[in-house]
Structures are given as C-alpha cells and as structure tokens.
Amino acid sequence: MFQYKASCISVYDGDTISIEVDMGFRCKLTAKFRLYGINAPELTKATREKGVAARDRLANLILGKEISIQSFKDPDDFGRWLCTVHVAGLSKSVNDVLVEEGHAVRFHPK
C-alpha cells in the first residue's frame with residue numbers, strides 16, 4: 001500500500017474519481033481511481049436517483065479539496081487504481097463515510 005497527497009479534480013459517480021496525485025519530486029500524475037472496498041449505485045435508469053445522491057455526496061466531501069489517498073499496487077479490471085480516501089477534518093475515510101451514510105455498500109472483489 002502506498003500513501004500520497006492528492007487533489008480531486010472530478011467525480012464520475014459514487015465510487016469513481018479523477019485525481020491529481022503528488023508523486024513527489026515535483027512530479028504529478030492525473031488518473032482515474034476507484035474507491036476501494038465499496039460499491040455505490042450506478043447512474044443508470046434503475047438506480048439513477050441513488051447514484052446521483054452518492055455522486056453528489058462524494059463530490060461534496062472531496063471535490064477541489066486536498067486529500068490523501070492510500071493506493072494499492074495493481075489497478076482493477078477497468079484500469080482504475082484502487083484507493084482509500086482521507087480528507088482533513090474527518091475521523092474516518094471517505095469510503096467509510098459513504099457506507100455509513102447509506103450511499104454505498106461494502107464490496108470486496110475476488
């Protein structure tokens with residue numbers, strides 16, 4: 001597991017974000033990340049209302065803010081890096097907050 005400072009530049013849905021990661025040595029990387037260990041409703045017709053609520057809550061928590069992430073070595077099957085997100089002022093990870101507030105459920109890929 002690796003830890004980095006980052007800033008969220010966009011929120012796609014309740015568990016997928018684009019962030020700019022400070023890799024150190026004045027080197028930054030912009031990439032798509034999936035929040036590790038959770039699954040939020042999709043933005044499809046069947047779950048759109050809940051999906052929008054999850055996306056908006058995640059955006060409210062991290063969009064445009066400095067965050068820190070713990071990422072894992074390998075990306076998921078869709079090429080997204082997996083991460084746990086932390087933001088100043090929260091005693092828990094953003095991942096845990098979304099689950100506790102009912103915007104996501106625990107999910108562990110095989």
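Read on for an overview of the structure. (Residues numbered from 1 in each chain as written. Predicted model: local features only at pLDDT ≥ 70, side-chain atom pairs only at ≥ 80, totals over all residues. Heavy atoms only, no water.)

### Structural notes on the environment of S7
- Locating S7 in the fold gives a position in strand β1 (residues 2-13).
- Overall, S7 belongs to the partly exposed group, its relative accessible area being 21%.
- S7 sits 94 residues away from E101 along the chain, and the two C-alpha atoms are 23 Å apart.
- Those residues in contact with S7, other than ones at most four positions away along the chain, are S18, I19, E20, K65 and I67. (Helix = DSSP H or I, 4+ residues; strand = E, 2+ residues; numbered from the N terminus. Buried < 20%, exposed > 50% of the residue type's maximum accessible area, 1.4 Å probe, protein only. Contact = heavy atoms within 4.5 Å.)

### Here we look at the environment of D76
- Tracing the sequence through the fold places D76 in the loop between β5 (66-71) and β6 (81-87).
- The exposure class of D76 is buried, given its relative accessible area of 17%.
- Placed 42 residues apart in sequence, D76 and R34 show a C-alpha to C-alpha distance of 8.1 Å.
- Here the side chain of D76 touches F78 through a polar contact of 2.9 Å, landing on its backbone nitrogen. (Polar contact = N/O pair within 3.5 Å; in protein donor to acceptor, adjacent residues only side chain to side chain.)

### Examining the nonpolar core
- Among the nonpolar cores identified, the biggest contains 26 residues, and I17, I19, I62, I67, V85 and V94 are the most heavily contacted of them.
- Where this core is concerned, the elements lending two or more residues are β1, β2 (16-24), β3 (27-35), α1 (48-62), β5, β6 and α2 (94-100).
- Those residues in contact with I67 that sit more than four places away from it in its chain are Y4, K5, A6, S7, C8, I19, I62, V85, H86 and V87. (Core = buried A, V, L, I, M, F, W, Y, C linked by side-chain atoms within 4.5 Å.)

### Comments concerning the sheet that holds β3
- Around the barrel, which closes on itself, the 5 strands sit in the order β1-β2-β3-β6-β5 with mixed pairing between neighbours. Looking at each pair of strands side by side, their axes are set apart by 50° on average, direction ignored.
- Pairing geometry for β1 and β5, over 6 bridges, is antiparallel. Across the sheet, residue F2 finds its bridge partner in β5, namely S71.
- Against the sheet, α1 makes contact with β1, β2, β3, β5 and β6, and its axis sits at roughly 135° relative to β1, the strand it touches most. (Pairing = 2+ DSSP bridges. Axes fitted to C-alpha atoms, helices over the stretch in contact; angles between N-to-C directions.)

### A closer look at the pairing of β3
- Pairing analysis gives 8 bridges linking β2 to β3, with the strands arranged antiparallel. Across the sheet, residue S18 finds its bridge partner in β3, namely K32.
- If you look at the hairpin formed by β2 and β3, you'll find 2 residues sitting between the two strands, and F25 has a positive phi there, around 55°.
- In this structure, β3 lies alongside β6, joined through 3 bridges in parallel fashion. Considered in β6, the bridge of L35 is made with C83.

### What about the state of the cysteines?
- The final tally for this structure, using the stated rule, is 0 disulfides.
- Considering cysteine sulfurs only, C83 is the nearest to C27, which forms no disulfide, with 18 Å between them.
- Of the cysteine sulfurs around C83, a residue in no disulfide, the closest is that of C8, at 9.5 Å. (Disulfide = S-S within 2.5 Å.)

Spatial relationships are all this shows, so hold off on functional conclusions.
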